[in-house]
Amino acid sequence: MRKLFLIVLLLFAFNQSSFGFVEPKVHHLKNGVTLVTVVDPLAAINSSYVFVRTGSLFETPWMGAGLSHFLEHLVAGGTTGYRDESEYRSIIDGLGGASNAYTTYDHTAYYIKSPAKDTNVALEVLYEWVSSANWSIDEYKREKGVILKEMDRANNNVFRQIYQEVQTRFYKDSPYRYPVIGYKDQFLKTSSDDLRSFYSSHYVPENLVVVVGGNVSENIILKQVESSFGSLPKLAAPLRYHANGSRVLSSSQQEVELKSLKSNRVVIRYPITSFYGDDVYPLDLFAYILGNGEQSLLYKAFVTNQKLATSISVNSITPMADYGYFEINIETDAPLESIVEKTQRFIDQFEFQRLPKSILKKAKTQKQNEYDLNSRSLDGYIKEVGQSMMMGQNPLFFRYYANQFKSVNSHDINQIVKRYLTPKKRQVYHFKNKQSTTAKIANQVLAPVKITTKNNIVVITIPESNDTIFQVSIQFEGGITKDPQGKEGLGFLTSQLIGKKIKGITRDHFQNQFESRGASISSSLSHNNLTVSLTALNVDQDQLLPLFMQAINSFDVDPDIFEETKLRLIKSIQKVEESWFEDAFIKLKQVVFADGSPYQNPIKGTLDSVNNITLNDVLNYINARRTSSNITVIIQSKNPEPIETRVVNALPIQRAMEVDHILVPELARTELESLSLTQPVGVVLHLSPLKIQLNSLNQWLRIQLVDAILSGMRYPSGLLHSRLRGEELVYVVHTVPMRFKDQDFLLTYALTEPSQVALVNKIISQSFKEIRTDISQEQLVLAKSQVLFNRLSNRQDLASRPGEFNEYWTRLHYIPSVQEIESELNKITVNDIKATVNEAFLKSRVILFNSESMQGDDNNESLR
């Protein structure tokens, strides 16, 4: 038996793609449905997708109404000819609750992530959704209200506003000008009958691609799909919109005012070919060379050297059904004519000037490695396979696409600059501020995690099944409490400077070592920790790992880099009011924490405090963190031991540990406040402190269950979703555990209208009060399923895995197995949850933003 198992594993390894998964296999059913299977015997969580070849481009005669997106809301989880939506909600919750959908210009996708043993259930549900949707009039009205609120939120998002303004002006005679969600006027004119007509004509076999991946039997999946999707009658799909692949536009320049804008933007677009034109590859590569990363040509010229801009991005966008655009997006305060002309002159030089072979080679390597690094999780790979089928009718189309850059040469770049990127075709959009005129699963996903302590450093090694990629994260204990008074934001600014350069090597040379290989150094500051990470390909480990360690041990920054990064941080602080959540959370901290508490401070600091920071402050800060902090190292790799040795040996052995006297944040006495936001939205925030520290697995799981019961972890389950979003009162509502040093909290936030703030607050408070005495066994069972699923799913994903394991280590000083988590969950009863809510919570701090009425605002009964 053991020999047979080894043979199976060897065959699996032989047939794996370069991403660690078996090559996808395509099956064409007789009625036009396409099935793609991706087998991964090691997966505990499987992913099932249905891609429908329909999107906002194909909505004639309802163009601009957003029917595809409206259908997505009704089809995903809605009533069908088989079951009603409440039954689907129970099924999805029982599978772990990871189900969602999305709509684009050219396709709509539905997916369910499930335990491997339940893949048949997930496929059955997806089949029923896309073949026999039969929503009720109540569902239709409810989702219509939800989408109207979604439209309002999108219209108040600065980035969405800029994008849609440019799309509408650039694509004057193309359906790409319409937002996928639609325009409110056209949307309101559509009826339930219109949606049924659109559904019956577009959700036909020829338009369906089913993608299933994980620990599956290809034959069993094929038989199930043939008996369900394959039984649908063969029907002709409507002709899909497809315009010419090129377009001639004369130059234009337009000015747009946005009252919520805090920093001017300039968007420059040039019309180019469609997705299927031969020039796609040199255009895409040239955009990469110009604007990808801090070592890109335009970034170095305009941000680093000339200080003309604070950020630059360059993209070549080639849609599948129309002509595309080459776009340069610049955040700048420079005069419009000056920045546009300087940008054009910079591009013009490449009409005849040959790009150095080293730059071309670097960009090609980056493109290939970027593709490899993006396939970091099974679910992401399966989604990519489905999107490849939409774009190129080949499950490995994106791999093919990445390989085409190999043949691009400098002459090709010269030609596309001459052909497309000329002043005669240039479209300029200048965005300026407009001042307002008014005020169950038993198997471990991974091999056991190893925890050791070397040189007083905690090392967590996580064996990784994917032998292509490795990741190292080094966490220094201490977040905003380490910022000196009057220089708040020092830690955040330092985090933005780590990885820029090291002593003895220029910035260009250092960053090129990583960017040329598609690798990345990332650094971030939270309220509790400073974390520095390296993600790269294993083949580059010998070259990059020593440089990564030098980025910490030989940290260096010159005055130009310091001033450039400091200016970007200042710009970011100036734009805080563009983000309703960031703005609200900063104001919440200022009210909730006592005067003088470092937790009152914005994590980025203030304009005054950042201006006070000097280059010497940064150098002292990183040296103190390196030599005086508790350090945790997290390593993910197929073979983590050599990495562990290199990393630990490179960190200081003798460290004089700082004593952190700020363990528990002091809270203010205020329990209810009403404040204002610049964004025209209503926001309710409840911050609920806990009396206890969550230092046992049972306590930690209980709080997560409270989270699941309240907000369901995923829409549409949970009390708050059904009572608030279901009643069209909010667009966003969520509850999440969080921690400031040694103090745990439960944060609940809701986005609504100013007129509904008081009512939303009242419902949240009543819901908290209700779960003190009234929780059903059914609610608890579903919550347990979601919590277990989340834990397992996080362990399977490279990006979320370090945080998952570090959370347990920080709290429990060990990492429980999935079996331990499942066993502990099974012990928790309804009475345990009630006791937790009654005994563990202090009074909530409630902050209401932009409330039009204080009536009912005193109903703060939550967790009293």
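Note that this is a predicted model, so its numbers are computed, not measured.

Parameters at a glance
Residues numbered from 1 in each chain as written. Predicted model: local features only at pLDDT ≥ 70, side-chain atom pairs only at ≥ 80, totals over all residues. Heavy atoms only, no water. Helix = DSSP H or I, 4+ residues; strand = E, 2+ residues; numbered from the N terminus. Rg over C-alpha atoms; globule rule 2.2 N^0.38 Å. Buried < 20%, exposed > 50% of the residue type's maximum accessible area, 1.4 Å probe, protein only. Lys, Arg positive; Asp, Glu negative; His and termini not counted. Charge placed at Lys NZ, Arg CZ, Asp CG, Glu CD. Core = buried A, V, L, I, M, F, W, Y, C linked by side-chain atoms within 4.5 Å. Phe/Tyr/Trp six-rings, centres within 6.5 Å; stacked < 30°, edge-to-face > 60°. Lys NZ or Arg CZ within 6 Å of the ring centre and 35° of its normal. Pairing = 2+ DSSP bridges. Axes fitted to C-alpha atoms, helices over the stretch in contact; angles between N-to-C directions. Expected span 1.5 Å × (residues − 1). Contact = heavy atoms within 4.5 Å. Arc of directions from axis to C-beta. Parallel < 35°, antiparallel > 145°, perpendicular 65-115°, else oblique. Nonpolar A, V, L, I, M, F, W, Y, C, P; charged D, E, K, R; others polar. Left-handed = near helix turned anticlockwise from the far one by under 90°. pLDDT = per-residue confidence, 0-100. Salt bridge = Lys/Arg side-chain N within 4 Å of Asp/Glu carboxyl O.

Explanation requested: the overall build of the chain in the structure shown.
Looking only at helices and strands, the chain features 31 helices and 22 strands. Here the C-alpha atoms of the chain give a radius of gyration of 27 Å, agreeing with the 29 Å that 2.2 N^0.38 yields for 864 residues. Summarising its shape, the C-alpha atoms of the chain cover approximately 75 × 70 × 65 Å along the three principal directions. Looking at the 864 residues of the chain, the share that counts as buried comes to 60%. Each charge class in the chain can be summarised by its mean position, and for the 93 positive and 93 negative side chains these summaries are 3 Å apart.

Please explain the nonpolar core as it appears in this structure.
When a protein is soluble and globular, its nonpolar side chains tend to lie buried together. In terms of nonpolar packing, the biggest core is built from 68 residues, with V472, I474, F548, V633 and V647 touching the most fellow members. Formed by 67 residues, the second largest nonpolar core is a distinct cluster that contains Y105, L290, L298 and V428.

What's the story with the packing of aromatic side chains in this structure? I'm lost.
Ring pairs (aromatic) are described by centroid distance and by the angle formed between their planes. In total, this model carries 42 aromatic pairs according to the counting rule given. Judged by centre distance (5.1 Å) and plane angle (50 degrees), the ring pair of Y281 and Y401 falls under tilted. Taken together, the residues Y281 in helix α10 (residues 280–291) and Y401 in helix α15 (residues 397–403) connect sequence positions 120 residues apart. Accessibility expressed as a relative area gives 13% for Y401, which makes it buried. An aromatic cluster is built from F275, Y276, Y281, F397, F398, Y400, Y401 and F405, whose rings are joined through pairwise contacts. The side chain of R269 reaches across the aromatic face of F170, ending 5.2 Å from its centre.

When you look at the sheet that holds strand β21 (residues 743–752) in this model, what are you seeing that I'm missing?
Backbone hydrogen bonds are what pair the strands of a sheet, in a parallel or an antiparallel way. Here we have five strands laid out as an open sheet, ordered β18-β22-β19-β21-β20, and mixed in their pairing. Only two strands of the sheet have a single partner each, and these edge strands are β18 (672–675) and β20 (730–740). Put simply, the sheet's adjacent strands are angled 15 degrees from each other on average, direction ignored. Across eight bridges, strand β19 (residues 682–689) lies against β21 in antiparallel orientation.

What is the right way to look at helix α28 (residues 777–796) in this model?
Working note: α-helix, 3.6 residues per turn, so residues spaced by three or four point in the same direction. Spanning 20 residues, α28 covers 29 Å between terminal C-alpha atoms, matching the ideal 28 Å at 1.5 Å per step. Within α28, 15 of the 20 residues are buried, which leaves the element mostly enclosed by the surrounding structure.

What am I meant to see in unusual backbone geometry here?
Note on backbone geometry: most residues besides glycine have negative phi, and most peptide bonds are trans. P61 follows T60 through a cis peptide bond whose omega is 5 degrees. Its location among the elements puts P61 in the loop between β3 (45–52) and α2 (67–75). At Q393, a residue that is not glycine, the phi angle is positive and equals roughly 55 degrees. Q393 gets classed as exposed once you look at its relative accessible area, which sits at 66%. Located in the positive-phi region is E728, a residue other than glycine, with phi close to 65 degrees. Its place among the elements puts E728 in the loop between α26 (719–725) and β20. The class of E728 is partly exposed, set by a relative accessible area of 29%.

Help me understand the environment of E124 in this model?
With respect to the element layout, E124 can be found in helix α4 (residues 119–132). As a C-alpha pair, E124 and Y371 span 247 residues in sequence and 32 Å in three-dimensional space. Contact partners of E124, with chain neighbours within four places excluded, come to R83 and Q224.

Got a minute to help me understand the environment of L396 in this structure?
As for its placement among the helices and strands, L396 is situated in the loop between α14 (378–392) and α15. Residues L396 and G386, spaced ten residues apart in sequence, show a C-alpha to C-alpha distance of 9.4 Å. Leaving out residues up to four positions away in the same chain, L396 has contacts with E23, P24, Y381 and S388.

What is the right way to look at the sheet that holds strand β16 (residues 529–537) in this model?
Strands sit in the order β12-β13-β17-β14-β16-β15 across an open sheet of six strands; the sheet is mixed. Both edges of this open sheet fall to β12 (450–454) and β15 (520–525), since each of them pairs with a single strand only. Taken pair by pair, the neighbouring strands of this sheet meet at an average axis angle of 15 degrees, ignoring direction. Pairing geometry for strand β14 (residues 469–477) and β16, over nine bridges, is antiparallel. Along β16, the bridge assignment pairs E477 with N529.

Is there a simple way to think about the environment of K361 in this case?
Its place among the elements puts K361 in helix α13 (residues 357–374). On the accessibility criterion, K361 (62% relative accessible area) is exposed. In sequence terms K361 and F405 are 44 residues apart; their C-alpha atoms lie 9.8 Å from each other.

I would appreciate a short explanation of helix α12 (residues 336–348) in the present structure.
If you check α12, its first and last C-alpha atoms are 18 Å apart, about what 13 residues at 1.5 Å a residue would give, namely 18 Å. For α12, every residue scored as buried is listed here: L336, I339, V340, T343, Q344, F346 and I347. Down the axis of α12, the buried side of the element spans an arc of 160 degrees, and every buried residue falls inside it.

For this particular structure, what's the right way to read the packing of α2 against helix α8 (residues 192–202)?
Running from N to C, α2 and α8 point in directions that differ by 90 degrees, and their axes come no closer than 10 Å. In this view, α2 runs roughly perpendicular relative to α8, as classed from their interaxial angle. Here L67, S68, F70, L71, L74 and V75 of α2 come into contact with α8, specifically with D194, L195, F198 and Y199. Per-class residue counts for the contact of α2 with α8 are eight nonpolar, one polar and one charged.

Can you help me understand the packing of helix α17 (residues 490–497) against helix α20 (residues 559–574) in this one?
To describe two helices that pack against each other, one gives the angle between their axes and the distance between the axes. Contact geometry of α17 with α20 gives a least axis separation of 10 Å together with a crossing angle of 125 degrees. One way to sum up the angle between α17 and α20 is to call them oblique. Of the two possible hands of crossing, α17 and α20 adopt the one that is right-handed. Between α17 and α20, the residues in contact are F492, L493, Q496 and L497 and I561, F562, T565, K566 and L569, respectively.

Explain the confidence of the model for the chain here, please?
The predicted coordinates ought not to be read in detail in places where the model reports low pLDDT. Taken over all residues, the pLDDT of the chain has a mean of 88, while the share at 70 or more is 92%. Per-residue pLDDT stays below 50 along residues 436–446; that stretch engages in 26 contacts with residues further than four places along the chain or on separate chains.

Teacher, can you tell me more about the pattern of salt bridges here?
Pairs can form between side chains of opposite charge whenever their charged atoms are close. A complete count under the given rule lists 44 salt bridges for this structure. Residues E644 and K454 are paired through a salt bridge, measuring 3.2 Å at the closest nitrogen-oxygen approach. Taken as a pair, E644 in helix α24 (residues 640–650) and K454 in strand β12 lie far apart in primary sequence, 190 residues in all. Here K454 falls in the partly exposed class, since its relative accessible area comes to 35%. Of the charged contacts, one joins R795 and E804 as a salt bridge, the two residues approaching to 3.9 Å between their closest N and O atoms. On the accessibility criterion, R795 (4% relative accessible area) is buried. Through salt bridges with shared partners, a single network forms among E294, K500, R507, E564 and R568.

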